[in-house]
Amino acid sequence: MEARAVKSNLVLILDFGSQYTHLITRRIRSLSIFSLCISGTSPLKSISDLNPRVIILSGGPDSVHAPDSPCFPDGFIEYVEANGVFVLGICYGLQLIVQSLGGEVRVGEKQEYGRMEIVVERDCGLFGYKKVGDRQLVWMSHGDEAVRLPDGFEVVARSQQGLVAATEHPARRFYGLQYHPEVSHSPEGMETLRYFLFNVCGITAGWKMEDVLEEEIKVIRAMVGPDDHVICALSGGVDSAVSATLVHKAIGDRLHCVFVDNGLLRYKERERVLETFERDLHLPVTFVDATEQFLSKLKGVVDPEIKRKIIGKEFICIFDTFAQDLEHKLGNKPAYLVQGTLYPDVIESCPPPGSGRTHSHTIKSHHNVGGLPKDMKLKLIEPLKLLFKDEVRELGRILEVPEAFLKRHPFPGPGLAVRVLGDVTEGNALEILRQVDEIFIQSIKDAGIYDSIWQAFAVFLPIKSVGVQGDKRTHSHVVALRAVTSQDGMTADWYNFEHKFLDDVARKICNSVRGVNRVVQDITSKPPSTIEWE
């Protein structure tokens with residue numbers, strides 16, 4: 001899917017580092033409007049090439065006064081005005097507009113954080129659907145304030161402390177909100193965004209998954225020549241299954257799927273996945289057992305980033321070998337590799353504005369984004385790279401991928417390597433983790449709550465604790481249980497199990513898995529934690 005296919009109604013978000021930026025993208029897409037998020041410091045050409053109808057400047061942690069604070073590129077103001085682009089600044093984005101157009105922003109005497117009431121002062125533009133004097137609760141998060149607006153700008157709402165909460169200059173198509181309309185703590189925020197996009201900007205709602213499917217098939221067919229063959233790496237997860245089904249629909253039997261057992265799979269994952277592929281997806285799959293190849297390279301490695309890099313490199317070596325084998329068989333070497341990279345993977349692997357980095361801020365290298373070698377021979381096809389997980393599932397339903405497959409919890413590309421903290425080959429850590437994870441997941445399914453959870457898994461910790469089992473002192477392993485709820489994987493809350501469920505699971509694990517005498521639960525949200533431990 002290419003942005004140019006829907007650019008006439010594209011809403012482009014320039015990210016200046018707010019923890020809520022991805023939510024803006026999600027909220028706008030929920031209105032059947034296509035939106036993309038790129039770095040706020042992207043070159044002007046990157047912005048103009050996308051030809052957006054609307055640009056939203058996100059919030060961010062910086063102050064516009066700081067010498068290295070991020071800003072849109074030179075020529076941005078001239079570009080949007082010359083091309084009739086609507087601009088909405090949110091929080092830091094509002095302050096950027098004010099300062100760039102000749103207004104004044106100062107460190108606020110009254111800082112505003114959390115829930116706060118605002119009052120509408122003008123029933124036009126942003127609040128054309130409101131009346132003067134109407135009040136609403138919003139979520140504020142700023143220490144600076146706009147004390148003087150640029151010429152021609154009007155205050156359309158103020159906070160209960162009298163500070164500018166919303167401003168606009170309709171003739172120049174500049175608008176600003178000092179609060180965050182995208183978060184659920186601003187109950188009427190979605191209505192404000194909806195009114196702004198449809199009524200003020202004149203955007204038409206027309207983006208739907210059927211169009212994404214049709215467009216992606218065209219893109220794949222244009223990319224892959226009539227005699228070219230393609231490899232798809234199947235993992236057993238939702239993303240690779242939907243990717244494979246989509247590419248198969250585009251090019252038929254010139255797609256060759258391979259499923260690799262890297263020794264880092266879950267309990268009986270190999271048997272279960274291969275059976276599902278054959279029975280439900282009807283995709284031709286070649287199985288490769290590379291357990292020894294992966295584990296020998298991972299022996300002694302404890303750094304999670306190095307583990308991810310090693311795994312990414314070994315996967316590519318296997319795919320290259322598989323491509324050579326196909327060349328001998330077909331007389332035509334595959335030139336492309338399909339991967340199920342999603343939009344959150346791309347976002348989390350982008351450099352943060354103002355970081356000075358040209359690559360990722362390395363929260364973690366995604367195996368599909370930052371974990372692949374630069375000298376990879378195969379060219380990538382990533383048909384899902386602009387979609388969120390729930391959108392992928394919707395696309396999968398259109399492609400008639402079985403519902404049981406679509407509802408599977410996400411599983412990381414590096415597998416259990418990022419769930420065994422430290423050396424994955426030490427002792428019997430992998431086998432212990434597989435048993436613990438199986439008990440945990442099966443208990444969740446038996447309780448009927450699997451579909452209520454975004455992701456659940458066990459983690460093997462590199463520590464031992466003292467316990468008492470069978471009237472004897474034990475010094476055994478500790479495992480952690482993690483379960484979260486989320487909409488897109490970008491943020492997550494820990495799942496609040498009933499105490500009896502946790503008691504039953506902990507007892508079952510300690511009684512069934514030799515070598516474990518302590519079970520703990522991870523009750524941290526994202527942020528500050530990531531969902532996976534490594």
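Attention here is on the structure that accompanies the text. (Residues numbered from 1 in each chain as written. Predicted model: local features only at pLDDT ≥ 70, side-chain atom pairs only at ≥ 80, totals over all residues. Heavy atoms only, no water.)

**A short note on the overall build of the protein chain**
Spelled out, the test is: Per the convention used, a helix needs a DSSP run of H or I reaching at least four residues, while a strand needs a run of E reaching at least two, with both numbered from the N terminus. Computation of the radius of gyration draws on C-alpha atoms, with the globule rule given as 2.2 Å multiplied by the number of residues to the power 0.38. Any residue under 20% of the maximum accessible area for its type is buried, any over 50% is exposed, and the rest in between are partly exposed; the area is computed with a 1.4 Å probe on protein chains only. Residues are treated as being in contact if the distance between any of their heavy atoms lies within 4.5 Å. Residues scored as charged are limited to Lys and Arg (positive) and Asp and Glu (negative), so that His and the chain ends carry no count. To locate a charge, the coordinates of NZ of Lys, CZ of Arg, CG of Asp or CD of Glu are taken.
Each helix and strand in the protein chain was counted, giving 15 helices and 18 strands. Taken over C-alpha atoms, the radius of gyration comes to 26 Å for the protein chain, in line with the 24 Å a tight globule of 534 residues would show. With the C-alpha coordinates aligned to their principal axes, the bounding extent of the protein chain is approximately 75 × 65 × 40 Å. Within the protein chain, the fraction of its 534 residues that count as buried is 55%. Put simply, of all contacts in the protein chain between residues at least 6 apart along the chain, 75% involve residues at least 24 apart. Here the protein chain contributes 61 positively and 71 negatively charged side chains, and the mean placements of these two sets differ by 3 Å.

**Here's the deal with the packing of helix α6 (residues 209-223) against helix α12 (residues 389-398)**
What describes two packed helices is the angle between their axes and the distance between those same axes. Stated precisely, the cut-off is as follows: Axis lines are fitted through C-alpha atoms, for helices just across the contact stretch, and the angle between N-to-C directions can take any value from 0 to 180 degrees. Orientation categories follow fixed angle ranges, with anything under 35 degrees roughly parallel, anything over 145 roughly antiparallel, 65 to 115 roughly perpendicular, and all other angles oblique. The classification used treats Ala, Val, Leu, Ile, Met, Phe, Trp, Tyr, Cys and Pro as nonpolar, Asp, Glu, Lys and Arg as charged, and all other residues, Gly among them, as polar.
Two elements in contact, α6 and α12, have axes separated by 10 Å at closest approach and are oriented at 75 degrees. Between α6 and α12, the crossing angle belongs to the class labelled roughly perpendicular. Contact residues: Met209, Glu210 and Leu213 in α6; Glu391, Glu394, Leu395 and Ile398 in α12. Looking at the contact of α6 with α12 residue by residue, the classes come out as 4 nonpolar, no polar and 3 charged.

**Structural notes on the nonpolar core**
Defined as follows: For the purposes of this section, nonpolar cores are sets of buried Ala, Val, Leu, Ile, Met, Phe, Trp, Tyr and Cys residues that join through side-chain atoms within 4.5 Å.
Grouped together as the largest cluster of nonpolar side chains are 107 residues, with contacts concentrated most on Phe76, Phe127 and Phe196. With 8 residues, helix α7 (residues 238-251) is the single largest residue contributor to this core. Beyond its immediate stretch of four places on either side in the chain, Phe76 contacts Leu14, Leu44, Ile47, Ile55, Leu57 and Val87. Counting residues in each nonpolar core, the second largest holds 51 residues, with Leu298, Ile316, Leu337 and Ile439 among its members.

**Observations regarding the sheet that holds strand β12 (residues 285-289)**
Spelled out, the test is: Pairing between strands requires that DSSP locate at least two bridges from one strand to the other.
A sheet is described by the order of its strands in space; here 5 strands give the open sequence β12-β11-β10-β13-β14, paired in parallel fashion. Two strands bound the open sheet, and with one partner strand each, they are β12 and β14 (379-381). Across this sheet, the average inter-strand angle for adjacent strands is 30 degrees, counted without regard to direction. As defined by bridge partners, strand β10 (residues 230-234) adjoins strand β13 (residues 336-338) across 3 bridges and the pair is classed as parallel. What sits directly across from Ile231, in β13, is Leu337.

**Section: the side chain of Ser476**
Structurally, the position occupied by Ser476 is in strand β16 (residues 472-485). Its relative accessible area of 11% is what places Ser476 among the buried residues. Apart from the residues lying within four places of it in its own chain, the contact partners of Ser476 are Ile463, Lys464, Ser465, Gln469, Gly515, Val516 and Asn517.

**A short note on helix α1 (residues 21-29)**
In terms of burial, α1 is largely enclosed, as 9 of its 9 residues are buried. Those residues of α1 that sit buried are Thr21, His22, Leu23, Ile24, Thr25, Arg26, Arg27, Ile28 and Arg29.

**Concerning the pairing of strand β4 (residues 86-90)**
What counts, and what does not: With strands facing away from the observer, any crossover in which the path from the first strand over the helix to the second runs clockwise is taken as right-handed.
The buried count for β4 comes to 5 of 5 residues, which makes it a mostly enclosed element. Of the two faces of β4, the one holding Phe86, Leu88 and Ile90 and the one holding Val87 and Gly89 are both buried throughout. Following the backbone out of strand β3 (residues 54-57), through helix α3 (residues 76-82) and into the adjacent parallel β4, one traces a crossover that is right-handed. Across 4 bridges, the pairing between β4 and strand β9 (residues 174-177) is parallel. Directly across from Gly89, in β9, lies its bridge partner Gly176.

**Observations concerning the environment of Val516**
Locating Val516 in the fold gives a position in strand β18 (residues 516-521). Residue Val516 is classed as buried on the basis of its relative accessible area of 1%. Apart from the residues within four sequence positions on either side, Val516 is in contact with Ile432, Val436, Gln469, Ser476, His477, Val479, Ile509 and Cys510.

**Overview of the packing of aromatic side chains**
What counts is decided by this rule: What counts as a ring pair is set by centres within 6.5 Å for rings of Phe, Tyr and Trp (its six-membered ring), and what kind of pair is set by the plane angle: stacked under 30 degrees, edge-to-face over 60, tilted for all other angles. Whether a charge sits over a ring comes down to the Lys NZ or Arg CZ being within 6 Å of the ring centre and within 35 degrees of the ring normal.
In this structure the tally under the stated criterion is 14 aromatic pairs. Measuring from centroid to centroid gives 5.8 Å for Phe277 and Phe405, while their planes differ by 35 degrees, and the two rings are tilted. Taken as a pair, Phe277 in helix α8 (residues 269-281) and Phe405 in helix α13 (residues 403-406) lie far apart in primary sequence, 128 residues in all. For the pair Phe277 and Phe405, a shared accessibility class is recorded, and that class is buried. Among the aromatic side chains, those forming a connected cluster through ring pairs are Phe259, Phe277, Phe287 and Phe405. Over the face of the ring belonging to Phe411 we find Arg266, whose NZ or CZ atom lies 3.9 Å from the ring centre. Between the NZ or CZ atom of Arg393 and the centre of the ring of Trp454, over which it lies, the distance is 5.6 Å.

**What about unusual backbone geometry?**
Within the chain, Lys268 stands out as a residue other than glycine whose phi angle is a positive 55 degrees. Position of Lys268 among the secondary structure elements: in the loop between β11 (255-261) and α8. Exposure remark for Lys268: the relative accessible area of 46% places this residue in the partly exposed category. We note that Glu400 has phi near 65 degrees; this positive angle belongs to a residue other than glycine. Tracing the backbone through its elements, the reader meets Glu400 in the loop between α12 and α13. When its relative accessible area of 69% is taken as the criterion, Glu400 is described as exposed.

By themselves, these figures tell us nothing about what the structure is for.
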